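What follows is the residue order along each chain.
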Amino acid sequence: MKKYDLKIGLFGIGLEAYWQQFDGLKNRLEGYLTVVEEKLSGFGAQIVNLGLIDTPEKAYDAGHDFRKADVDLIFLYVTTYALSSTVLPVVKRAKVPVIVLNLSPEVAINYEVFNSMNDRTKMTGEWLAFCSACPVPEIASVFKRSHISFYQVTGMLHNDPIAWKEIEEWIAAAKVAHTMYHNRLGVMGNYYSGMLDIYSNITLQCATFGGHVEVIEVDELSGIKQQVNDEEKQKKIAEFNEVFEVQSDCSDYELERAAATAVALDKVAEKYQLGSLAYYQKGSGNEVNEDTMSSVILGNSLLTARGIPVAGEYEIKNAQAMKIMDTFGVGGSFTEYYAMDFADDVVLMGHDGPGHLAIAEGKIKVKPLQVYHGKVGKGLSVEMSVKHGPVTLLSVVETVDGKLLFLVAEAESVAGPILQIGNTNSRYKFSIGARAFVENWNSFGPAHHCAVGTGHIASKIKKLGQLLDVQTVQIC
């Protein structure tokens, strides 16, 4: 599939009548716009800058130009007073989310210098250079009455980390929305029978996020695995030993089995250009498929580490959540809570199956398991804890009214004893306490799986929800 880059539209607004009245005002405002463009370019997106739009006629042209440029998001920089008729045609035609930048050029007008000017025309021109807040209510009114969603960043052009952090987060959210729209999600096998909470409306997922869902047969993975040669297996085993901390009780037989499957997974991911994967196989006595699906954990962990997050138990909603977290650059590992520690007021969370190497506390251990609890077969598994420090949990929830919801909680991954059973295990402490977290989280009806990433990024997820028209609920 052709690769599409993230494109951010930018335009400023002004009033054409001012240019002859106030010498140098237009050049000054265009300079402000150049500063915005340069700063936006540093956030990892291609900027399409259409300059100052100062007449309705230019506004119509700009709307068409943005649409032809295929921008994902528009920043409207309000440089001075301008008519709303220079804004509405741009945004209405472009049909993408718009962020209104109300950025003053300085922390304040120098009142003493301003009031000492002897020329009232120059004084007015100076005032207009600081007049970015003036037309924002007019623009907001017109957007509201036109059913156009918009968002605002209010602050200063220079030396304002709060405003520019907001702007950077909008671009980060736009990048995730862009990635999700073009993502290819593989689904392999079938649902875990009876796990009713994880069943997903795939059409709803595509309608909300975009992307393509590729249904892949386990038989195909098994067939590719049978063609893997010894050289490929040995190369993959070397990768295992480099990336993981392989325990001494892992047999050569199990390592070779896992290596062959990992090579096959790489080939399937390449063939279908996968960006994420959800899988599970109940088993029906087919020994070839059972051998394949009981040896996927190491290979799936490597896929997850390189930006192709893999969710077990065919949890499509959680594969989406993991992809969102991974695209934000914070990991996105498969997890669920399985016990509570009331003595330390923490929730124990983890899962069997693949883990995310990028967010592990130390090297991931590889251990043999004699049984996969509740699943067919046995083989190698991974054991890890998420890095100690701030974390964010995300669940993509299907609601009773047929929509999606982002359920978010910020927490801390803390040190302490974990269950060393060959699975991912971590201890999470919540600002509202373990008891309140669990009850509040459950009240929104999520599936029992969620994605965990490092850092506190609820504000970014909220912006993604606004861009996708998905409600975001933050528990803590």
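Higher on the page you've got the structure.
Remember, it's a predicted structure, so these values are computed and weren't measured experimentally.

Caption draft 1: Main features of the nonpolar core. Ranked by size, the top nonpolar core spans 71 residues in total, and within it Phe75, Ile324 and Phe406 carry the most contacts. Top contributing element to this core by residue count: helix α8 (residues 161-182), with 10 residues. If sequence neighbours within four positions are ignored, Phe75 has contacts with Ile8, Gly9, Leu10, Phe11, Leu40, Ile99, Leu101, Ile167, Trp170 and Ile171. Listed in part, the 39 residues of the second largest apolar core include Ala258, Leu302, Val386 and Trp441.

Caption draft 2: Examining the layout of surface pockets more closely. One number sums up the size of the second largest pocket: a volume of about 450 Å³. Lining the second largest pocket we find 23 residues, and of these Val71, Asp72, Val96, His178 and Tyr181 sit closest to its centre. When contributions to the lining of the second largest pocket are tallied by element, the ones reaching two or more residues are α3 (56-69), α8, α9 (202-209) and α17 (458-468). In terms of residue count, the dominant contributor to the lining of the second largest pocket is α8 (five residues). A per-class count over the lining of the second largest pocket returns 14 nonpolar, four polar and five charged.

Caption draft 3: Molecular detail of a positive patch on the surface. On the surface, a cluster of positive charge is contributed by Arg67, Lys92, Arg93 and Lys95. Mapped onto the secondary structure, Arg93 falls in helix α4 (residues 88-94). Residue classification places Arg93 among the partly exposed positions, given a relative accessible area of 37%.

Caption draft 4: Inspection of empty space enclosed by the protein at higher detail. A full pass over the atoms with the stated rule returns three cavities of 30 Å³ or more. Taken as a whole, the second largest cavity encloses approximately 60 Å³ of empty space. In this structure, the second largest cavity is lined by Met180, Asn183, Leu185, Gln205, Cys206, Phe209, Gly210, Gly211, His212, Val213 and Gln320. Only α9 and β7 (212-216) provide two or more residues apiece to the lining of the second largest cavity. Per-element accounting of the lining of the second largest cavity gives the leading share, three residues, to α9. In terms of residue class, the lining of the second largest cavity is made up of five nonpolar, six polar and no charged.

Caption draft 5: Representation of the pairing of β7 in the model. Alignment of strand β6 (residues 184-189) against β7, held across five bridges, turns out to be parallel. Its bridge partner being in β7, Gly186 is matched across the sheet by Glu214. A crossover links β6 with its parallel partner β7, the connecting element being α9, and its sense is right-handed.

Caption draft 6: Layout of the environment of Lys26. Of note, Lys26 is situated in helix α2 (residues 25-41). With 367 residues separating them in the primary sequence, Lys26 and Leu393 have C-alpha atoms 47 Å apart. If we skip the residues at most four places from it in the chain, Lys26 touches Trp19, Leu52 and Asp54.

Caption draft 7: View of the sheet that holds β6. Pairing within the open sheet is parallel, and its four strands lie in the order β7-β6-β9-β10. One side of each edge strand has no neighbouring strand; the edge strands of this open sheet are β7 and β10 (310-311). When β6 meets strand β9 (residues 276-280), the two strands line up parallel, connected through five bridges. Bridging from a neighbouring strand, Val187 pairs with Ala278 of β9.

Caption draft 8: Quick look at the packing of aromatic side chains. Tallied over the entire structure, the rule returns 13 aromatic pairs. The interplanar angle of 70° and the centroid separation of 6.0 Å between the aromatic rings of Tyr337 and Phe437 together place this pair among those described as edge-to-face. Placement of the pair is Tyr337 in strand β11 (residues 331-341) and Phe437 in helix α16 (residues 434-442), with a sequence separation of 100 residues. Taken together, a centroid distance of 5.5 Å and an interplanar angle of 45° make the contact between Phe437 and Trp441 tilted. Pair noted here: Phe437 and Trp441 are both in helix α16, with a separation of four residues, about one helical turn. The burial state of Phe437 is the same as that of Trp441; both residues are buried. A connected cluster of aromatic rings, assembled from ring pairs, spans Tyr337, Phe430, Phe437 and Trp441. Geometry around Trp170 places Lys463 over its ring, the cationic atom sitting 5.6 Å from the centre.

Caption draft 9: Broad picture of the environment of Ser104. Inspection of the secondary structure assignment puts Ser104 in strand β4 (residues 98-104). Sequence separation of Ser104 and Met325 is 221 residues, and the distance between their C-alpha atoms is 33 Å. Residues contacting Ser104, with those up to four places away along its chain left out, are Phe130, Ser132, Gly155, Met156 and Leu157. For Ser104, the side chain forms a polar contact with the main-chain oxygen of Glu106, separated by 2.8 Å.

Caption draft 10: View of the packing of α2 against α8. Where α2 meets α8, the closest approach of the two axes is 10 Å, and the angle between their N-to-C directions is 55°. In terms of orientation, α2 lies oblique with respect to α8. As for how α2 packs across α8, the hand of that crossing is right-handed. For the pair α2 and α8, contact is made by Val36, Lys39 and Leu40 and by Trp164, Ile167 and Ile171, respectively. The class makeup of the residues in the contact of α2 with α8 is five nonpolar, no polar and one charged.

What counts and how
- Position numbers for residues count from 1 along each chain, tracking the sequence in the order it is written.
- Reporting of local features is limited, given that this is a predicted model, to residues whose pLDDT is at least 70; pairs of side-chain atoms are given and counted only at 80 or more, and all residues count toward the totals for whole chains, interfaces and linings.
- To get the side-chain values, take all heavy atoms of the structure and skip hydrogens and water.
- Here, the term nonpolar core denotes a set of buried Ala, Val, Leu, Ile, Met, Phe, Trp, Tyr and Cys residues that are joined through side-chain atoms within 4.5 Å.
- Each residue's exposure class comes from its accessible area (1.4 Å probe, protein chains only) as a fraction of the maximum for that residue type: buried when under 20%, exposed when over 50%, partly exposed otherwise.
- Numbering of helices and strands starts at the N terminus; helices are DSSP runs of H or I of at least 4 residues and strands are runs of E of at least 2.
- Throughout, a residue-residue contact means that at least one pair of heavy atoms, one from each residue, lies within 4.5 Å.
- A 1.4 Å probe that fits into a set of points on a 1 Å grid over the protein atoms alone but cannot get out defines a cavity; an open set with protein on both sides within 12 Å along at least five of seven lines defines a pocket, and lining residues are those with an atom within 4 Å of a point.
- Grid points are joined across faces, edges and corners, and a volume is the space filled by probe spheres set on the points.
- Residues are sorted three ways: Asp, Glu, Lys and Arg are charged, Ala, Val, Leu, Ile, Met, Phe, Trp, Tyr, Cys and Pro are nonpolar, and all the rest, Gly among them, are polar.
- Residues form patches when they are more than 30% accessible in relative terms and have no salt bridge. Like charges link within 9 Å. Nonpolar side chains (Val, Leu, Ile, Met, Phe, Trp, Tyr) link within 5 Å.
- Methods summary: accessible areas were calculated by the Shrake-Rupley approach with a probe of 1.4 Å, and residue burial reflects only the protein chains presented.
- In the sections that follow, a salt bridge refers to a side-chain nitrogen of Lys or Arg positioned within 4 Å of a carboxyl oxygen of Asp or Glu.
- His is not counted here, nor are the chain ends, while Lys and Arg score as positive and Asp and Glu score as negative.
- To locate a charge, take atom NZ for lysine, CZ for arginine, CG for aspartate or CD for glutamate.
- When DSSP finds two or more bridges between two strands, those strands count as paired.
- Place the viewer so that the strands point away; then a crossover is right-handed whenever the path from the first strand over the helix to the second strand goes clockwise.
- Only the six-membered ring of Trp is used, alongside the rings of Phe and Tyr, when aromatic pairs are assigned; centres must lie within 6.5 Å, and planes under 30 degrees apart are stacked while those over 60 apart are edge-to-face, with the rest tilted.
- Lysine NZ or arginine CZ positioned within 6 Å of the ring centre and within 35 degrees of the ring normal marks a charge as sitting over the ring.
- Contacts described as polar in this section are N or O atom pairs within 3.5 Å, which, within protein, must combine one atom able to donate a hydrogen with one able to accept it, while residues neighboring in sequence count only if both atoms come from side chains.
- Axes here refer to lines fitted to C-alpha atoms; in helices the fit is confined to the stretch in contact. Angles between the N-to-C directions go from 0 to 180 degrees.
- We call two directions roughly parallel when the angle between them is under 35 degrees, roughly antiparallel when it is over 145, roughly perpendicular when it lies between 65 and 115, and oblique otherwise.
- Left-handed describes a crossing whose near helix is turned anticlockwise from the far helix by less than a right angle; the clockwise case is right-handed.

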